Amino acid sequence: MRATRICPPYVVPLEVWDLPVGGQLLQMWRAADAFPERLAEAVALVRAQHPAIAHVHLAGGGASVGCADAVATLGLPCTRDDDPFTAALAGAALLPGAACADIGQTGVKLARGEDTWRIRRDLARAPLRDGVPRADRVAARTSTVAALGEALATTGARQLVVALPCEFTAAGEPLGCTYCWPERDPHLLADLARLADAELAVLNDAELAAVGAGPGLPRGVTSLVVTLGFGVGAALWRPPR
């Protein structure tokens, strides 16, 4: 079984979790009461680099009214969708007969047809990487990939769209995140495909969120799609004018 990196049209992934706002990285504010204001500061920084942005869309379980109101103070129209399965459902619709696994830092959201379900991250099998001693990380990668492969296999699909919560190299190798695989893991995608017994089409989770948001975004303008869950992700939606 193969795994192929896909790049959806009109979507440009961005990294925003490490933007410096309020004296620390944006991700470090995630659980703070001041997060909505810090998020608005981060959006302003992104817009300074991408002045074509004319709309902001917040997606995911953390897309609160407070976050939307804070972003709106920038004078940008801001919409939100706090349904955690919007992206997974959009992914399942990308390929005929496919299912989708939207792998997040706290669990895996799955969709096949109109059915959706969530499998929580088992921290005993898929521990947080920073809490694992270096000597134990190879074993932790093995148990992590096994747990994720089992989650993917619950779809029963032979074609899977899979979103990972990490960046990719130009060669399509996944970089690091809170899951215990190394930077530039050359075998991760193939291992997941083998364990899921499926062909995988792989992308970043923020890219998938932009695909899910796309049909509802304003036509002909650049939108910034921000995903709010355990972490903060982002992508630009740049449809043809």
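Everything that follows concerns the structure shown earlier in this document.
From a predicted model like this one, the values you see are computed outputs, not experimental measurements.

Trainee: Explain the sheet that holds strand E12 (residues 222-228) here, please?
Mentor: Spatially, E2-E13-E12-E5-E6 is the arrangement adopted by the five strands of the open sheet, whose pairing is mixed. A strand with exactly one partner marks an edge of an open sheet, and here the two such strands are strand E2 (11-14) and strand E6 (78-81). Averaged over all pairs of adjacent strands, the angle between strand axes in this sheet comes to 25 degrees, irrespective of strand direction. Looking at chain direction, E12 and strand E13 (residues 232-237) are connected through six bridges and run antiparallel. Bridge pairing links Leu-228 to Val-232 in E13.

Trainee: Please explain the sheet that holds strand E7 (residues 99-103) as it appears in this structure.
Mentor: Strand-to-strand pairing in sheets goes through backbone hydrogen bonds, with the strands running parallel or antiparallel. A sheet is described by the order of its strands in space; here six strands give the open sequence E1-E11-E10-E7-E8-E9, paired in mixed fashion. Looking at which strands have only one partner, the edges of the open sheet turn out to be strand E1 (3-5) and strand E9 (115-120). Between one strand axis and the next, the sheet turns by 20 degrees as a mean value, whatever way the strands run. Pairing between E7 and strand E8 (residues 107-112): five bridges, direction antiparallel. Paired with Ala-101 across the two strands is Leu-110, which belongs to E8. In the packing of helix H4 (residues 137-153) onto the sheet, contacts are made with E7, E8, E9 and strand E10 (159-164), and the angle to E8 comes to roughly 20 degrees. Strand contacts of helix H5 (residues 188-196): E1, E10 and strand E11 (199-204), with the helix running at about 135 degrees to E11, the strand carrying the most contacts.

Trainee: How should empty space enclosed by the protein be read in this particular structure?
Mentor: A probe as big as a water molecule, rolled over the atoms, marks out the empty space that is left. In total, this model carries one cavity of 30 Å³ or more according to the counting rule given. Roughly 40 Å³ of internal volume is contained in the largest cavity. Around the largest cavity sit Val-16, Leu-19, Leu-26, Leu-39, Ala-42, Val-43, Val-46, Leu-224 and Val-226, which together line it. The set of elements that each furnish at least two residues to the lining of the largest cavity consists of helix H1 (35-49) and E12. Top element by residues in the lining of the largest cavity is H1. It accounts for four residues. The residue makeup of the lining of the largest cavity, split by class, is nine nonpolar, no polar and no charged.

Trainee: In this structure, what is going on with the nonpolar core? I would like to understand it.
Mentor: One recurring pattern in soluble globular proteins is that nonpolar side chains are buried together. Among the nonpolar cores identified, the biggest contains 27 residues, and Ile-103, Leu-152, Leu-160, Val-162, Leu-164, Trp-181 and Leu-200 are the most heavily contacted of them. Counting only elements with at least two residues in this core, the list comes to E7, E8, H4, E10, H5 and E11. Take this core: its biggest share by element is five residues, from H5. Excluding anything up to four places from it in sequence, Val-162 contacts Ala-101, Ile-103, Leu-152, Leu-200, Ala-201, Val-202 and Leu-203. Grouped together as the second largest cluster of nonpolar side chains are 25 residues, Leu-14, Val-16, Ala-63 and Leu-76 included.

Trainee: How should the layout of surface pockets be read in this particular structure?
Mentor: By volume, the largest pocket is sized at about 1100 Å³. Along the wall of the largest pocket there are 46 residues; nearest its centre are Gln-105, Pro-165, Asp-205, Gly-231 and Val-232. Among the elements of the structure, strand E5 (53-59), helix H3 (86-92), E7, E8, helix H6 (205-213), E12 and E13 are those that each provide at least two residues to the lining of the largest pocket. Counted by class, the lining of the largest pocket contains 17 nonpolar, 18 polar and eleven charged residues.

Trainee: Would you explain the side chain of Asp-185 in this entry?
Mentor: Mapped onto the elements, Asp-185 comes out in the loop between E10 and H5. A polar contact of 3.0 Å, which involves the side chain of Asp-185, links it to the backbone nitrogen of Leu-188. Each residue touching Asp-185, except ones within four places of it in the same chain, is listed here: Arg-141, Glu-173 and Pro-174.

Trainee: Would you explain the state of the cysteines in this entry?
Mentor: What we call a disulfide is simply a covalent bond connecting the sulfur atoms of a pair of cysteines. Using the criterion set out here, one finds zero disulfides in the structure. Take Cys-100: it sits in no disulfide, and the sulfur closest to it among the cysteines is that of Cys-166, at 15 Å. Overall, Cys-100 belongs to the buried group, its relative accessible area being 0%. Sulfur of Cys-180: no disulfide; nearest cysteine sulfur belongs to Cys-177 and is 9.6 Å away. With a relative accessible area of 2%, Cys-180 lands in the buried category.

Cut-off values and rules
- In this convention, every chain numbers its residues from 1, walking through the sequence in written order.
- In keeping with the predicted nature of the model, local features appear solely for residues at pLDDT of at least 70, side-chain atom pairs appear and are counted solely at 80 or more, and the whole-chain, interface and lining totals rest on all residues.
- Heavy atoms throughout the structure, all of them, feed into the side-chain values; hydrogens and water do not.
- For two strands to count as paired, DSSP must find a minimum of two bridges between them.
- Numbered from the N terminus, helices here are DSSP runs of H or I no shorter than four residues, and strands are runs of E no shorter than two.
- Lines are fitted to the C-alpha atoms to define the axes, a helix being fitted only along its stretch in contact, and any angle between axes, read from their N-to-C directions, falls within 0 to 180 degrees.
- Throughout, a contact is declared for two residues whenever any of their heavy atoms are within 4.5 Å.
- With a 1 Å grid laid over protein atoms only, a set of points is called a cavity when a 1.4 Å probe fits there but cannot get out and a pocket when it is open yet has protein on both sides within 12 Å along at least five of seven lines; lining residues have an atom within 4 Å of a point.
- Grid points are joined across faces, edges and corners, and a volume is the space filled by probe spheres set on the points.
- Asp, Glu, Lys and Arg are counted as charged, while Ala, Val, Leu, Ile, Met, Phe, Trp, Tyr, Cys and Pro are counted as nonpolar; the rest, among them Gly, fall into the polar class.
- Only buried residues count toward a nonpolar core, which is a set of Ala, Val, Leu, Ile, Met, Phe, Trp, Tyr and Cys residues joined through side-chain atoms within 4.5 Å.
- Remark: exposure states derive from per-residue accessible area (1.4 Å probe, protein chains only) relative to the maximum for the residue type, with buried under 20%, exposed over 50%, and partly exposed in between.
- Pairs of N or O atoms are called polar contacts if they sit within 3.5 Å, as long as, within protein, a hydrogen donor faces a hydrogen acceptor (for residues adjacent in sequence, only side-chain-to-side-chain pairs).
- Cysteine sulfur atoms that come within 2.5 Å of each other are treated as a disulfide pair.

Purely geometric numbers; function is a separate question.
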